[in-house]
Structures are given as structure tokens and as C-alpha cells.
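Structural characterization, general
Each chain, letter by letter, is given below.
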Amino acid sequence: MTGYRVADVMTRQVIYLPAETTLDEAARVMKEADIGDVVVTDGANLAGILTDRDIVVRAVAENANASTTTIGSIVTREVVMIEQFCTAGEAASLMRERGIRRVLVCDNERKLVGIVSLGDLAMQLDPTSALSEISEQSPTV
């Protein structure tokens with residue numbers, strides 16, 4: 001895995017949603033795009049990242065109304081980024097250190113160019129592993 005760069009394994013499809021988007025609309029977008037995360041914006045600024053797990057853990061578990069609760073109210077505002085030419089091993093270490101499953105990927109000008117997930121890394125490490133198989137079937141890893 002250490003020979004791979006983040007740019008080799010990342011997902012280039014990044015979907016942006018404004019913070020005012022409701023939870024049910026965000027979930028619908030994720031389902032239709034078969035992804036497990038969206039980048040949340042506040043005007044022209046990056047507000048954070050929202051994952052399918054955030055919707056379940058932060059909203060459903062707290063009985064939030066999905067049609068009125070906005071993603072801006074539950075978004076993970078701590079944004080962790082890695083440069084696209086870092087190694088996949090460095091990305092895995094960063095995820096382990098921070099206890100996260102996804103990292104935003106930027107170019108050398110800090111412009112967002114993708115997202116790398118634990119599942120993306122697993123696919124490169126061992127495409128036949130159980131984690132890789134689950135990652136192919138579901139965006140929730």
C-alpha cells in the first residue's frame with residue numbers, strides 16, 4: 001500500500017451541499033450517488049463533511065426531524081485534509097491517529113480534489129479482503 005499515492009486511491013467524485021440542506025435531502029443525494037459522504041458548504045466556505053454515519057448517530061439517534069433538521073446543524077466541522085501526493089500509508093496513519101474513516105484530499109494549493117476513505121485504502125491493500133468487499137457493496141465504510 002505504501003507505493004500508492006492518495007491520488008491513486010481517492011474518490012474524485014465530491015458532492016457539495018449547502019448547510020441549509022435538510023437531512024432527508026442529503027440522505028437522498030447520498031443514496032442516488034451511491035456515496036457515504038458529502039462536503040457541506042456555508043456560502044463559499046467549506047463548513048465540514050457529513051457522513052451517512054453522522055445522519056444515523058447524530059440525527060436519528062436523537063430523534064431529529066429529517067425534513068426540518070439541516071445538515072449544518074450536525075456536520076462534522078473539524079476538517080482533516082491530506083495532500084494528494086502523500087502515500088496511502090500516510091493517509092492510513094492519519095486516519096488511525098485521528099480516529100476517522102475519511103479524509104479530504106487537496107492539491108498543493110489546498111484546493112479540494114477528492115476524498116479518501118478507509119474503504120478506498122482497503123481496496124488497494126487487499127481487494128479480496130472482507131472490508132474491500134463491503135466497501136464495494138456499500139458506501140457506509
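The sections below set out a description of the structure shown in this document. Fair warning: this is a prediction, and the values are worked out from it, not measured in the lab. Along each chain, the written sequence defines residue order, and numbers are assigned to residues from 1. Side-chain atom pairs in this predicted model are given and counted only at pLDDT of 80 or more, local residue features only at pLDDT of at least 70, and totals for whole chains, interfaces and linings cover all residues. Hydrogen atoms and water are omitted, and side-chain values are computed over all heavy atoms in the structure.

1. Details of the nonpolar core
As a rule of thumb, soluble globular proteins bury nonpolar side chains together. Test applied: For our purposes a nonpolar core is just a set of buried Ala, Val, Leu, Ile, Met, Phe, Trp, Tyr and Cys residues, chained together by side-chain atoms within 4.5 Å. Partly exposed residues are those whose accessible area sits between 20% and 50% of the maximum for their type, while under 20% is buried and over 50% is exposed, using a 1.4 Å probe and protein chains only. The way it works is that DSSP assigns letters per residue, a run of H or I at least four long becomes a helix, a run of E at least two long becomes a strand, and they are numbered from the N terminus. Any two residues whose heavy atoms approach within 4.5 Å at even a single point are treated as in contact.
By size, the foremost hydrophobic cluster in this structure holds 17 residues, and its most contacted members are L17, V38, V40, L50 and I71. Contributions of two or more residues to this core are made by α2 (23-33), β2 (37-42), β3 (45-51) and α3 (52-60). At four residues, α2 tops the list of elements feeding residues into this core. Excluding anything up to four places from it in sequence, V40 contacts L17, P18, A19, N45, L46, A47, G48, L50, I71 and V75. M10, I82, A92 and V116 belong to the second largest nonpolar core, which has 14 residues in total.

2. Observations concerning unusual backbone geometry
Across residues other than glycine, the phi torsion is negative in most instances, and most of the peptide bonds are trans. With phi around 55°, D34 is a residue other than glycine that occupies positive phi space. Relative to the elements of secondary structure, D34 occurs in the loop between α2 and β2. Non-glycine residue R110 carries a positive phi angle of around 65°. The residue R110 is located in the loop between β5 (102-106) and β6 (112-117) in this model.

3. Notes on α3
The condition is simple: Along the arc lie the directions from the helix axis toward the C-beta atoms.
Taken together, the buried positions of α3 are occupied by D52, D54, I55 and A59. Down the axis of α3, the sector holding all buried residues measures 150°, keeping them to one side. At its buried positions, α3 is contacted by α2, β3 and β5.

4. Section: the pattern of salt bridges
The condition is simple: For this document, the term salt bridge refers to a Lys or Arg side-chain nitrogen within 4 Å of an Asp or Glu carboxyl oxygen.
Summed over all chains, the structure comprises five salt bridges. Where D37 meets R102, a salt bridge forms, and the shortest distance between an N and an O atom there is 2.6 Å. Residue D37 is found in strand β2, and its partner R102 is found in strand β5; the two are separated by 65 residues along the sequence. Grouping residues by exposure puts D37 and R102 together as buried. In this structure, the salt-bridge partner of R102 is D52, at a minimum N-O distance of 3.8 Å. With R102 in strand β5 and D52 in helix α3, this pair connects stretches of sequence that are 50 residues apart. For the pair R102 and D52, a shared accessibility class is recorded, and that class is buried.

5. Re the pairing of β6
To keep things clear, this is the line we draw: We call two strands paired when DSSP finds no fewer than two bridges between them.
Among the six residues of β6, five are classified as buried, and the element is accordingly described as predominantly covered. Bridge analysis of β5 against β6 gives five bridges, and the strand direction is antiparallel. When the sheet's bridge partners are listed, C106 is paired in β6 with L112. If you look at the hairpin formed by β5 and β6, you'll find five residues sitting between the two strands, and R110 has a positive phi there, around 65°.

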